[in-house]
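# Breakdown of the fold
Here's the letter readout for the chains.
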Amino acid sequence: AVALCFQVISDLVLAAADDADGSSKYVPDVKSAEHCACAIEYLLPAVLQASDPPRKSVQSEKAAGEIAQMLTAYADLSGTTEVGQVAAKNAAGKIRASGGTARPVLEISHDLWTQYRKREGQPLDQFINQERGVEVDESGPLDFLPCGQGGPGCVIS
């Protein structure tokens, strides 16, 4: 249900951006997008429930950033109702603030929404915030490199 709401809102945003390559074939009406924004806001306690046990998650951070960006883009569209704008901005703020800690429902919903966009040939980078990258540390898939053990003379630039 959450992923479907993301689809409806993002289809409206993509349809409004005439210059977007691979824009949506579906143009939902403004009222449908408003209902979806309100539904997302009401579902946030379940969507943002942290994993048990709590852990960090890059996937949740990425999902939170992209979904918050999409909701912000929706709120900024001309023709969006005040109710839709308020719901989208509130949801975007809470989702953005939740990033970093694992949120399984958010991750699954984001994954389903991404699969939909792939099937429809929509641009996958449309809602990625280009202003800020994801911070990483030495532990991870490249920790086998000499700098991964924190050896002397290791400078990451």
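Scroll up a little and you will see the structure.
Numbering of residues starts from 1 in each chain and follows the order in which that chain's sequence is written. Local features in this predicted model are restricted to residues whose pLDDT is 70 or higher, and side-chain atom pairs enter the listing and the counts only when it is 80 or higher, whereas totals over whole chains, interfaces and linings include all residues. Values shown for side chains rest on all heavy atoms present in the structure; no hydrogens or waters enter the calculation.

### Concerning the pattern of salt bridges
Salt bridge criterion: a side-chain nitrogen from Lys or Arg within 4 Å of a carboxyl oxygen from Asp or Glu. Using the criterion set out here, one finds two salt bridges in the structure. The partner of E66 in a salt bridge is R117, and the shortest N-O contact between them spans 2.7 Å. Residue E66 is located in helix α3 (residues 58–75), and its partner R117 is located in helix α5 (residues 104–120); the two are separated by 51 residues in the primary sequence. The pair E66 / R117 is uniform in exposure class, with both members buried. Counting from the N terminus, the helices are DSSP H or I runs at least four residues long and the strands are E runs at least two residues long. Only protein chains enter the accessibility calculation, which uses a 1.4 Å probe. A residue is then buried if its area is under 20% of the maximum for its type, exposed if over 50%, and partly exposed in between.

### Observations regarding helix α2 (residues 30–47)
Considering bend angle alone, the principal kink of α2 is centred on E41 and spans about 35°; proline P45 follows within four residues of it. Turning to α2, its buried residues are A33, E34, C36, A37, C38, I40, E41, L44 and V47. Its buried side turned inward, α2 meets α1 (2–16), α3, α4 (82–98) and α5. Fitting axes to the seven residues that end at a residue and to the seven that start at it, the angle between those axes gives the bend at that residue. In this description, contact between two residues means that some pair of their heavy atoms is separated by no more than 4.5 Å.

### Things to note about the packing of α1 against α3
Between two packed helices, both the angle of their axes relative to each other and the distance between the axes serve to describe the pair. Note on method: axes are straight lines fitted to C-alpha atoms, helices fitted across the in-contact stretch only, with angles between N-to-C directions ranging 0 to 180 degrees. Two numbers describe how α1 lies on α3: the axes approach to 9 Å, and their chain directions differ by 55°. One finds that α1 runs oblique with respect to α3. Seen along the crossing, α1 lies across α3 with a hand that is left-handed. In this structure, α1 contributes F6, I9, S10, L12 and V13 to the contact, and α3 contributes I67, M70, L71, A73 and Y74. Lys, Arg, Asp and Glu make up the charged group, whereas Ala, Val, Leu, Ile, Met, Phe, Trp, Tyr, Cys and Pro make up the nonpolar group; the residues left over, Gly among them, are polar. Residue composition of the contact of α1 with α3, by class: nine nonpolar, one polar and no charged. Here is the rule for angles: anything less than 35 degrees is roughly parallel, anything more than 145 is roughly antiparallel, 65 through 115 is roughly perpendicular, and the remaining ranges are oblique. By convention the crossing between two helices is left-handed if the near helix lies anticlockwise of the far one by an angle smaller than a right angle, and right-handed if it lies clockwise.

### Observations concerning the packing of α3 against α4
For the pair α3 and α4, the least separation of the axes is 8 Å and the interaxial angle reads 160°. In terms of axis orientation, α3 runs roughly antiparallel to α4. α4 is crossed by α3, and the crossing has left-handed handedness. Only G84, Q85, A88, K89, A91, A92, I95, R96 and S98 of α4 make contact with α3, whose side of the interface consists of A64, I67, A68, Q69, L71, T72, Y74 and A75. Among the residues forming the contact of α3 with α4, the class breakdown is ten nonpolar, five polar and two charged.

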